[in-house]
Amino acid sequence: MVTLAEVAQHAGVSASTVSYVLSGKRSISATTRQRVERSIRELGYHPNAGARALASSRSNIIALMVPLRTDMYVPVMMEIAIAVATTARTHGYDVLLLTGEEGPDAVRRVAGSGLADGMILMDVELDDERLPLLRESAQPAVLIGLPADTTGLTCVDLDFKATGALCVEHLAGLGHRDVAVIGEAPAVYERHTGFAERTLDGLRSRARETGLRLLHRPCEGGYDATAVTVARILDERPDTTGFVVQNEAAVEPLLALLRQQGRAVPEDVSVVAVCPEQVAVQASVRLTSVSLPAQEMGRHAVEQLVAKLDGRGGDEVVLLPPALTVRASSGPAPLR
C-alpha cells in the first residue's frame, strides 16, 4: 500500500501538506494542490478511512433511510438509491443504506453514533414522526419527499400536486367529464405518505376547477385487486371514460381488464399514468404519463446535502416540475 509519506516524497512536499490537501483544513496554493493531487493519482494512493475520519471529524459517509415496504414500488426506490450512491461517490462520500422501518430510532442511532456525516430520508409522510428529531439534531439532513410543514427542513421532490393537476388538465382538454383514479394501496394513504396525498390534492383541486367528476379508489395492485377496483368504479360511475393510475402494479391488469370488457384504449377509454418511464413505454398500450424523475431527485438530494456539509447550503424546498408525455393511451372522449 502507498503511504502518505510516499505521496509527499513524490510530490516534493511535506507530509503535513499532503494531509492539508486531503482534509481541506488549510489553504494550499493551487500549484501545490495540483502537484499533490497528481502524485495521489499516479501512485494510486487511498487514504485510510479510519485515520481520515479521526483527523477530519468526518466519516465521509451519508446515511440513506429508505424503508422497503411491501406496498411501495421498490424499483423506483432503488433507482433513487442508486442515484444517491453514484452522486455521493463523485463528492467523495460512500452511502450507508438503512432499509428497516425503524422511524425515529434510526435517526437517533445515526445522529448519536457518528456513523454518518449527514442523512437523506425517503418515504416521507405528511406528519412524519422522524421530523422532530431531525429539527432538534445538528446533523445535516435532506428529505426526498415533502412533509406538511417544511419549516427548518431541506427537501426535494417531484411537484406531485402539479402532477395531479396536469393529468386532469390533459383529460379535461380531451373532453372527458368522468374520470376515475386508481391509486396506491390503502396503507399508503393511511400513513399519509406525502407523494400520494399531494397527487390526490392536485387531482381534486383541478377537477373542481374544470367541472370534471373525479372518483378515487385505492388499490393493492395485481390482477385480482385491480379487477375488484375496476368493477367497483364502473358500477358506481358507469360513464367513466378516463383513468388516472398511480400504482405501477395496477397498470397492466387495468389494460387487460379493459380489453376483456371490449373497451378499446384510447377510443373508448383513456388511461394516463404517474409512473416510471420504463413502465409507461413497455405497457401493452404505450401510456400517456408523467414520469418519476428518480435519478434527478437522488442527485439533487446529494448535492443539497453536500452543500450543507460544506457550509454552503441553507434550508430550501426544491420541487421538480412535472412533464406529461402523450402516447397511445389517451384520446378524445367518446361521443355519448
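Up top is the structure these notes are about.
Values in this document were obtained by computation on a predicted structure and should not be read as measured data. (Residues numbered from 1 in each chain as written. Predicted model: local features only at pLDDT ≥ 70, side-chain atom pairs only at ≥ 80, totals over all residues. Heavy atoms only, no water.)

S.K.: Can you walk me through helix 8 (residues 160-173) in this structure?
M.R.: Because the α-helix completes a turn every 3.6 residues, residues three or four places apart line up on one side. For helix 8, spanning 14 residues, the distance from its first C-alpha to its last is 20 Å, which sits close to the expected 20 Å at 1.5 Å a residue. Among all positions of helix 8, only Phe160, Thr163, Gly164, Ala165, Cys167, Val168, His170, Leu171 and Ala172 are buried. One side-chain oxygen of the residue at the start of helix 8 lies 3.4 Å from the amide nitrogen of Lys161, identifying that residue as Asp159. Phi for Gly175, located one or two positions after helix 8, is positive at around 95 degrees. (Helix = DSSP H or I, 4+ residues; strand = E, 2+ residues; numbered from the N terminus. Expected span 1.5 Å × (residues − 1). Buried < 20%, exposed > 50% of the residue type's maximum accessible area, 1.4 Å probe, protein only. Polar contact = N/O pair within 3.5 Å; in protein donor to acceptor, adjacent residues only side chain to side chain.)

S.K.: Got a minute to help me understand the nonpolar core in this structure?
M.R.: What tends to happen in soluble globular proteins is that the nonpolar side chains get buried as a cluster. With 48 residues, the main nonpolar core has Ile80, Ile120, Ile144 and Leu203 as its most contacted residues. In terms of residue count, the dominant contributor to this core is helix 14 (residues 294-309) (seven residues). Residues lining this core come from more than one domain, with at least three contributed by each of domain 2 (61-158 + 294-320) and domain 3 (160-292). Discounting residues that sit within four places of it in the chain, Ile144 has contacts with Ile80, Val84, Ile120, Leu121, Met122, Asp123, Val124, Val156, Met297, Gly298 and Ala301. Counting 25 residues, the second-largest nonpolar core is a separate cluster that includes Cys219, Val251, Leu258 and Val285. (Core = buried A, V, L, I, M, F, W, Y, C linked by side-chain atoms within 4.5 Å. Domains from an automatic or database assignment. Contact = heavy atoms within 4.5 Å.)

S.K.: Any chance you could explain the sheet that holds strand 5 (residues 155-158) here in plain terms?
M.R.: The pairing of strands in a sheet comes from backbone hydrogen bonds and takes either a parallel or an antiparallel form. Taken in spatial order, the six strands line up as 2-1-3-4-5-11 in an open sheet, and their pairing is parallel. If you trace the sheet from one side to the other, it starts and ends with strand 2 (94-98) and strand 11 (317-320), each paired once. Between one strand and the next, the sheet's axes are offset by a mean angle of 20 degrees, whatever the strand orientation. Contacts from helix 5 (residues 74-90) reach strand 1 (61-65), strand 2, strand 3 (118-121) and strand 4 (141-144), with the element oriented near 155 degrees to strand 2. Contacting strand 1, strand 3, strand 4, strand 5 and strand 11, helix 14 runs over the sheet at an angle of about 165 degrees to strand 4. (Pairing = 2+ DSSP bridges. Axes fitted to C-alpha atoms, helices over the stretch in contact; angles between N-to-C directions.)

S.K.: Before we go on, may I ask you to explain the packing of aromatic side chains in this structure?
M.R.: Aromatic rings in a pair are described by how distant their centres are and how their planes are angled relative to each other. Within the structure shown, the criterion is met by one aromatic pair. Between Phe160 and Phe195 the ring centres are 5.6 Å apart and the planes differ by 55 degrees, which places this aromatic pair in the tilted class. Note that Phe160 is positioned in helix 8 and Phe195 in helix 10 (residues 194-210), a separation of 35 residues in sequence. (Phe/Tyr/Trp six-rings, centres within 6.5 Å; stacked < 30°, edge-to-face > 60°.)

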